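Residues per chain, in single letters:
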Amino acid sequence: MRKIILNVAVSLDSFIEGPHGEFDWCFMDQDYGMTDFRSRTDAIFFGRKSFQLALDYGMGYYEYAKKYVFSKTLIETGSENTFIISEDLVEAVNKIKAQRGKEIWLFGGASLVTAFMQNDLLDELILSVHPILLGSGKPLFQNIKERTKLELTNSQTFSTGLVQLFYNVLH
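Residues numbered from 1 in each chain as written. Predicted model: local features only at pLDDT ≥ 70, side-chain atom pairs only at ≥ 80, totals over all residues. Heavy atoms only, no water.

(A) Structural detail: the sheet that holds strand 4 (residues 66-70). Taken together, the eight strands give an open sheet; going across it, the order is 5-4-3-6-1-7-10-9, and neighbouring strands pair in mixed fashion. Of all strands in the sheet, those bounded by a partner on one side alone are strand 5 (82-85) and strand 9 (150-157). Each neighbouring strand pair of the sheet contributes to a mean axis angle of 25 degrees, computed without reference to strand direction. Examined bridge by bridge, strand 1 (residues 4-11) and strand 7 (residues 124-130) share seven bridges and lie parallel to one another. Within the sheet, the bridge partner assigned to Asn-7 lies in strand 7 and is Ile-126. Taken strand by strand, helix 4 (residues 110-118) contacts strand 1, strand 3 (41-47), strand 4 and strand 6 (103-108), and its axis lies near 130 degrees from that of strand 6. (Pairing = 2+ DSSP bridges. Helix = DSSP H or I, 4+ residues; strand = E, 2+ residues; numbered from the N terminus. Axes fitted to C-alpha atoms, helices over the stretch in contact; angles between N-to-C directions. Contact = heavy atoms within 4.5 Å.)

(B) Focus on the layout of surface pockets. Within this model, the largest pocket holds a volume of roughly 1,400 Å³. Elements with a minimum of two residues in the lining of the largest pocket: strand 1, strand 2 (15-17), helix 1 (34-40), helix 2 (48-57), strand 6, helix 4 and strand 7. Looking at which element gives the most residues to the lining of the largest pocket, the answer is helix 2, with six residues. Of the residues assigned to the lining of the largest pocket, the class counts are 25 nonpolar, 16 polar and eight charged. What the second largest pocket holds in volume is close to 200 Å³. Met-117, Gln-118, Asp-120, Glu-146 and Thr-148 are, among the 15 residues lining the second largest pocket, the residues nearest its centre. (1 Å grid on protein atoms, 1.4 Å probe; cavity = no way out; pocket = protein on both sides within 12 Å on 5 of 7 lines; lining within 4 Å. Points joined across faces, edges and corners; volume = space filled by probe spheres on them. Nonpolar A, V, L, I, M, F, W, Y, C, P; charged D, E, K, R; others polar.)

(C) Structural context of the pattern of salt bridges. Scanning the model with the defined rule gives six salt bridges in all. Where Glu-124 meets Lys-3, a salt bridge forms, and the shortest distance between an N and an O atom there is 3.1 Å. Here the residue Glu-124 occupies a position in strand 7, and Lys-3 occupies one in the segment before strand 1, the gap between them amounting to 121 residues. Judged by its relative accessible area of 11%, Glu-124 is buried. Judged by relative accessible area, Lys-3 falls into the partly exposed class, the value being 36%. Among the ionic pairs, Lys-97 bridges to Asp-123, the shortest N-O distance being 3.2 Å. Of this pair, Lys-97 sits in helix 3 (residues 89-98) while Asp-123 sits in the loop between helix 4 and strand 7; the two residues are 26 residues apart in sequence, bridging distant segments of the chain. (Salt bridge = Lys/Arg side-chain N within 4 Å of Asp/Glu carboxyl O. Buried < 20%, exposed > 50% of the residue type's maximum accessible area, 1.4 Å probe, protein only.)

See below:
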């Protein structure tokens, strides 16, 4: 069975966006392990808003993978190799996980991450913690109602002060 991995940039105070939806605080000066990570994946899960953001900035970075957009309102993606998932989240995810292939990148956003956490669908977390306090914005984890145990499997520090934390989700 394929693994689903949340790989996301987060501020030290746990925000994935600033108060106006900005992410200009994310470091882009190095690869930060993304080339290796992308080689492990061949599918990406997007929420509707995150997918729109990726479209706005150009899909070239994501063209290597099948893209699945979880949305009840989106009808057309305008992007090749992209599929809309509007049916039952758990059933759809389990079908995709059962297919042959590499690991799956859960790109986001926050509502989709919450749904995956609440339904115990995540296998790993890679959190790229940026050395900045945003003070407000969109938190990574929202409405998590139950305790989730994690196992730290690795950590990596970079000269910029960014720290990557790698966790297995203990089911």
